[in-house]
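Geometric and topological summary
For reference, the chains in residue letters:
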Amino acid sequence: MSSGESAPIYIKAMSKRNGFTTLLIGMVGLLLSVMWLTLAPDWLFLAGIFLTSASLVTLLIGWFKLRDPDHSIEISPSRILYHHRRGNWEIFWDNIQRIDCPRVSQGLDQVELDAVGIRLKSYAPFLHRVSPRLATHLLMEQRPLLIHSHDKNCRTGDCFNQEMFNDRHYTLEDGHVLTGIKAMLANRMSQLRTQLGYDIYISGADLDRSPMEFVHFLRQCQQTRPDTKQVVV
């Protein structure tokens, strides 16, 4: 992102690709399954049911691919904007403390998770703007991250009962008190910061390249913004 460039950069998620093709395959499979069930002998009936089920699943996957926004992430000189069918979130560059891939310990090794982690300076700008519907989705999407934490209780599954939906009131840096679903998201962000080091996580499925490649790309965008003095050549 050079100093003379102001147009946003759009990222198309890998999971969005081939949506129409997937839908078409499902439709063709469903048509074949109808013909199969109509014309095939009785002893092939179960095979026809299996083909029908597979076709319906393929149709559903294709439908969800087409329902998703054309671009999952929009990057401009001022912010990162995440698009989802349940809403949007935005993070301004000035509010980002660190960007990297979260890592967990497996034995003596450090293993990178299939995600990009963003650590915020302040929760308030993010949580004031995120919609309740998207906050609910983020809570559900981030559940697997708790399993990867160093908390032994989470590894046994106890955390799903104890800390999965922490709805205690949360007071932001500006004094605003969050309740309900946004308080749950704020508590989750704080919990994941303690366990993994980051507040917001972008799944690898929402990217157009590997998480680490995307981390390097975001860092370059942050360093080469028009209002920054440091420029990467």
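Up top is the structure these notes are about.
To start, this report covers the structure provided alongside it. (Residues numbered from 1 in each chain as written. Predicted model: local features only at pLDDT ≥ 70, side-chain atom pairs only at ≥ 80, totals over all residues. Heavy atoms only, no water.)

Let us look at the sheet that holds strand β3 (residues 79–84). The 4 strands lie next to each other as β1-β2-β3-β4, forming an open sheet whose pairing is antiparallel. Either end of the sheet is taken by a strand with one partner, and the two such strands are β1 (9–11) and β4 (87–92). On average, each strand axis in the sheet is inclined to that of its neighbour by 15 degrees, with strand direction left out of account. As paired strands, β3 and β4 are joined by 6 bridges and run antiparallel to one another. Counterpart to His84 in the pairing with β4 is Gly87. (Pairing = 2+ DSSP bridges. Helix = DSSP H or I, 4+ residues; strand = E, 2+ residues; numbered from the N terminus. Axes fitted to C-alpha atoms, helices over the stretch in contact; angles between N-to-C directions.)

The next point concerns the pattern of salt bridges. Oppositely charged side chains may form a pair once their charged atoms are brought near each other. Overall, the coordinates contain 7 salt bridges when judged by the stated rule. Here Asp100 and Arg103 are joined by a salt bridge, their closest N and O atoms 3.4 Å apart. We classify Asp100 as buried; its relative accessible area is 13%. On the basis of relative accessible area, Arg103 is assigned to the partly exposed category, the value being 31%. A salt bridge links Arg193 to Asp199; the nearest nitrogen and oxygen atoms lie 2.8 Å apart. Connected via shared salt-bridge partners are Asp100, Arg103, Glu112 and Arg219. (Salt bridge = Lys/Arg side-chain N within 4 Å of Asp/Glu carboxyl O. Buried < 20%, exposed > 50% of the residue type's maximum accessible area, 1.4 Å probe, protein only.)

Here the focus is the packing of aromatic side chains. Two measures describe an aromatic ring pair: the distance that separates the ring centres and the angle between the ring planes. What the rule picks out here adds up to 5 aromatic pairs. Relative to Tyr201, the ring of Tyr198 lies with its centre 6.5 Å away and its plane at 85 degrees, an arrangement referred to as edge-to-face. Each of the two residues, Tyr198 as well as Tyr201, counts as buried. Their ring planes at 45 degrees and their centres at 6.0 Å tell us that Phe214 and Phe217 sit as a pair that is tilted. Of the two residues, Phe214 and Phe217 both sit in helix α9 (residues 211–223), 3 residues apart, roughly one turn of that helix. An aromatic cluster is built from Tyr82, Trp89 and Phe126, whose rings are joined through pairwise contacts. Against the face of Phe217 rests Arg209, its NZ or CZ located 4.6 Å from the ring centre. (Phe/Tyr/Trp six-rings, centres within 6.5 Å; stacked < 30°, edge-to-face > 60°. Lys NZ or Arg CZ within 6 Å of the ring centre and 35° of its normal.)

Turning next to the environment of Glu213. By the secondary structure assignment, Glu213 is in helix α9. Here the alpha-carbon distance between Glu213 and Cys101, two residues 112 residues apart in the chain, equals 9.8 Å.

Within the secondary structure layout, Asn187 lies in helix α8 (residues 180–196). Residue classification places Asn187 among the buried residues on the basis of a relative accessible area of 11%. Through-space distance from the C-alpha of Asn187 to that of Tyr170 is 7.0 Å; in sequence the pair is 17 residues apart. If we skip the residues at most four places from it in the chain, Asn187 touches Asn166, Asp167, Arg168 and Tyr170. (Contact = heavy atoms within 4.5 Å.)

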